[in-house]
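# Examination of the molecular architecture
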Amino acid sequence: MTATSAGSGGSSCPPAKGLDISLAALQRQDPYINNIVDVASQVALYTYNNRANEWEKTEVEGTLFIYTRLASPRHGFTIMNRLSMENLTEPITKDLDFQLQHPFLLYRNARLVIHGIWFYDKEDCQRIAQRMKILTQQEQALAQSQGGWLSPGGVGGGIVGGE
């Protein structure tokens, strides 16, 4: 199990040793995590309050990690909280809906909770938004490909059914 530096070699990724330590910390939380895909070093989490029609800052801020897993769901992200032991962890599934509004990456999860992730670095925000969009689209494509009756043994990858 290794940690690889992500992105285009930008300054947002800690050195390999730092990624190894971060990977070990993430694996204590979820032993199925096997690789760090991308990192944003300084983010803060906000939650949208529907009743008050306003954004509320949470007590979650720190480093955001996007990672791969050896089990389903295959990707996820965590904000390792610097303020407390309570981290935000979110699986990346077909149900996530992202919207980029610099310096925020807004998203709605499967529980229909709306969050905003504030990024200190605008380039981190853009890069992470693009990566999340790609991973979510991959999950949507995977869900669609598994949505029908598969042929016996999965040979040919075709979907059998219809009229």
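Since the model is a prediction, treat every value here as computed from it, not as a measurement. (Residues numbered from 1 in each chain as written. Predicted model: local features only at pLDDT ≥ 70, side-chain atom pairs only at ≥ 80, totals over all residues. Heavy atoms only, no water.)

## With respect to the overall build of the protein chain
Which entries qualify depends on this criterion: Secondary structure elements follow DSSP: runs of H or I no shorter than four residues count as helices, runs of E no shorter than two count as strands, and numbering proceeds from the N terminus. Think of it in three bands: with a 1.4 Å probe and only protein chains considered, a residue is buried below 20% of the maximum accessible area for its type, exposed above 50%, and partly exposed in between. Two residues qualify as a contact provided that any one of their heavy atoms is within 4.5 Å of a heavy atom in the partner residue. The protein chains shown are the only cover counted for residues, whose accessible areas, like all others here, come from Shrake-Rupley with a 1.4 Å probe.
From N to C terminus, the protein chain includes two helices and nine strands. Along the chain direction, N to C, the helices and strands of the protein chain fall in the order α-β-β-β-β-β-β-β-α-β-β. Here the protein chain, with 163 residues, has 37% of them falling under the buried criterion. Of the contacts made within the protein chain by residues no fewer than 6 positions apart, 47% connect residues no fewer than 24 positions apart. Carbon and sulfur atoms provide 52% of the accessible area of the protein chain, an area that totals close to 9700 Å².

## Brief notes about the pattern of salt bridges
Opposite charge on two side chains lets them pair, provided their charged atoms get close. Worth spelling out the cut-off: Criterion for a salt bridge: a side-chain nitrogen of Lys or Arg within 4 Å of a carboxyl oxygen of Asp or Glu.
Taken as a whole and assessed by the stated rule, the structure comprises eight salt bridges. Across the pair D124 and R127 runs a salt bridge, and its minimum N-O distance is 3.1 Å. Remark: R127 and D124 occur in helix α2 (residues 122-145); sequence separation between them is three residues, near one turn of the helix. A network of salt bridges, in which partner residues are shared, links D38, D124, R127 and R131.

## Observations regarding the confidence of the model for the protein chain
In plain terms, the rule: The predictor attaches a confidence to each residue, and that confidence, scored 0 to 100, is pLDDT.
With 80% of its residues at a pLDDT of at least 70, the protein chain reaches an overall mean of 84. Looking across the protein chain, the model is least confident in strand β9 (residues 159-160), with a mean pLDDT of 38, and most confident in strand β7 (residues 114-119), with 98. Note on residues 148-163: pLDDT is under 50 here. Beyond four places in sequence and across chains, it has 10 contacts.

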